[in-house]
Amino acid sequence: MILLIKHLNTLINRLLTSPEANAAERLGIFRILYSLFYLWYLSTNKISFLSSLPTDAFRQTVLLSYFLPKPLPAILTNGLEFLLVTSLIMLLFGTYTQLCTLVVLISGCLLEACYSSVDHELAMVFLVFYIPLSMVVCGGWGDTYSVDKALHQRRDSVEINTVKKASKYALPINSLIVVLSILFFSSFIYKILGSWINYPELISNLVLERNIRAAIYQLPLNRLAPFISTTPFAYHSLRIITLAFEGTFIVTVFCKQLRNIYFPLALIFHAFNAIWLNVTFTPVLILYGLFIDWSSLYKTLLASQITTPISAILSDFPAKFLMYGSIFLAILSGLLWNIQVWFPRSFFTLGGVVNWQTIWYPVLPLSVIWLLLGIIQLSSTQTIEKIQHGIRSEEA
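Note that the coordinates shown come from a computational prediction; the quantities given were computed from them, not determined experimentally.

A. Quick look at the layout of surface pockets. There is about 1400 Å³ of room inside the second largest pocket. Every residue lining the second largest pocket is counted, 45 residues in all, and those nearest its centre are Tyr 288, Phe 291, Ile 292, Trp 294 and Trp 370. Broken down by secondary-structure element, the contributors of at least two residues to the lining of the second largest pocket are helix 2 (23-43), helix 7 (166-193), helix 12 (259-276), helix 13 (294-301), helix 17 (360-378) and helix 18 (381-395). Of the residues assigned to the lining of the second largest pocket, the class counts are 28 nonpolar, 11 polar and 6 charged.

Spelled out as structure tokens, the structure:
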């Protein structure tokens with residue numbers, strides 16, 4: 001029994017700390033993208049509406065918000081939103097990164113609990129919980145592309161050694177892949193035990209129902225809905241493909257070569273739901289940004305165009321200017337976030353153009369390109385040999 005536990009512990013450690021290409025740089029760039037995405041999401045959802053709801057609207061029991069007054073006082077919702085916006089701006093610049101990550105986690109979870117007590121379908125657990133929690137526990141996303149790094153180099157005159165800490169930077173990436181795989185598999189089990197097996201016409205009826213809802217709310221219609229709903233091959237195939245995808249997604253934990261197939265497929269799946277079924281999982285979109293090697297993309301597409309590195313640009317500014325400037329901008333943004341004459345909300349939504357649905361329009365073709373590149377890479381002989389070697393290693 002002890003040998004089995006030791007073997008499982010070794011296997012888990014190997015899975016969670018297996019190296020990821022350019023992990024430190026990826027985390028730094030992802031921190032910036034995460035902050036911008038979270039601010040965009042907040043700009044499209046007015047938290048103040050929680051203060052205008054009647055008491056009976058909070059019909060779901062959520063322990064985290066159970067003892068909060070209902071309806072929520074405006075000072076509470078505005079205070080939490082101020083903390084969240086201020087911390088996200090500081091996180092964007094990488095100032096006091098770990099502290100700001102903790103504040104984002106706590107304030108975001110409190111607001112999430114309030115949203116969920118009104119309607120659990122508003123949930124955005126990856127955005128507000130899993131991602132910041134993994135970064136609080138593992139750390140590391142403030143070690144690159146941040147004010148913290150610039151100040152550390154000036155104070156200690158030593159570059160942060162990201163090579164020796166490679167497993168530290170890979171840990172949050174691998175951990176979130178495990179969480180995502182478990183959630184996909186649990187969705188597969190829920191569908192199997194539910195009506196997806198015994199109700200063959202489920203997809204047929206679903207596309208028609210969603211088209212009716214889209215017409216009511218004046219959203220774009222799914223022009224393929226009549227074809228899908230009247231063609232057994234079409235709606236059966238969509239049902240089987242969905243089940244097969246969710247049930248086998250867990251292979252991404254063990255086989256890295258298949259991630260460039262499953263991750264873009266997941267984005268295509270979410271984009272299809274958002275654009276044509278009006279079922280949105282938009283908050284989960286940012287998670288997939290963690291699995292892209294932004295550092296390689298940056299070096300390939302932009303590095304040749306930028307002659308001065310970001311670190312060199314930051315070194316030209318006084319240390320106090322970097323720190324206090326980012327704090328001042330964060331507090332100012334938090335104070336003016338809900339003032340209509342200022343621009344934060346409209347800035348992040350491009351004047352209302354980018355919403356929960358339109359954000360998927362560019363994501364869909366980019367995901368198809370990612371998938372095609374993944375298929376080309378997977379079809380190479382070298383990649384097939386790596387997969388076979390990985391399977392033999394796991395069996396051993």
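Picking up where we left off.
B. Quick peek at the pattern of salt bridges. Following the criterion strictly, the structure yields 6 salt bridges and no others. Residue Arg 26 pairs with Glu 20 through a salt bridge whose shortest N-O separation is 3.1 Å. The two residues Arg 26 and Glu 20 agree in class, both being buried. A salt bridge links Lys 168 to Asp 143; the shortest N-O distance between them is 3.6 Å. Within this pair, whereas Lys 168 is found in helix 7, its partner Asp 143 is found in the loop between helix 5 (125-138) and helix 6 (147-156), the two being separated by 25 residues in sequence. Look at Lys 168 and you get partly exposed, because its relative accessible area is 28%. Exposure remark for Asp 143: the relative accessible area of 15% places this residue in the buried category. Through salt bridges with shared partners, a single network forms among Glu 20, Arg 26, Lys 256 and Arg 259.

Rules used in this analysis
- Residues numbered from 1 in each chain as written.
- Predicted model: local features only at pLDDT ≥ 70, side-chain atom pairs only at ≥ 80, totals over all residues.
- Heavy atoms only, no water.
- 1 Å grid on protein atoms, 1.4 Å probe; cavity = no way out; pocket = protein on both sides within 12 Å on 5 of 7 lines; lining within 4 Å.
- Points joined across faces, edges and corners; volume = space filled by probe spheres on them.
- Helix = DSSP H or I, 4+ residues; strand = E, 2+ residues; numbered from the N terminus.
- Nonpolar A, V, L, I, M, F, W, Y, C, P; charged D, E, K, R; others polar.
- Salt bridge = Lys/Arg side-chain N within 4 Å of Asp/Glu carboxyl O.
- Buried < 20%, exposed > 50% of the residue type's maximum accessible area, 1.4 Å probe, protein only.

Such coordinate-based values are descriptive only and should not be taken to indicate function.
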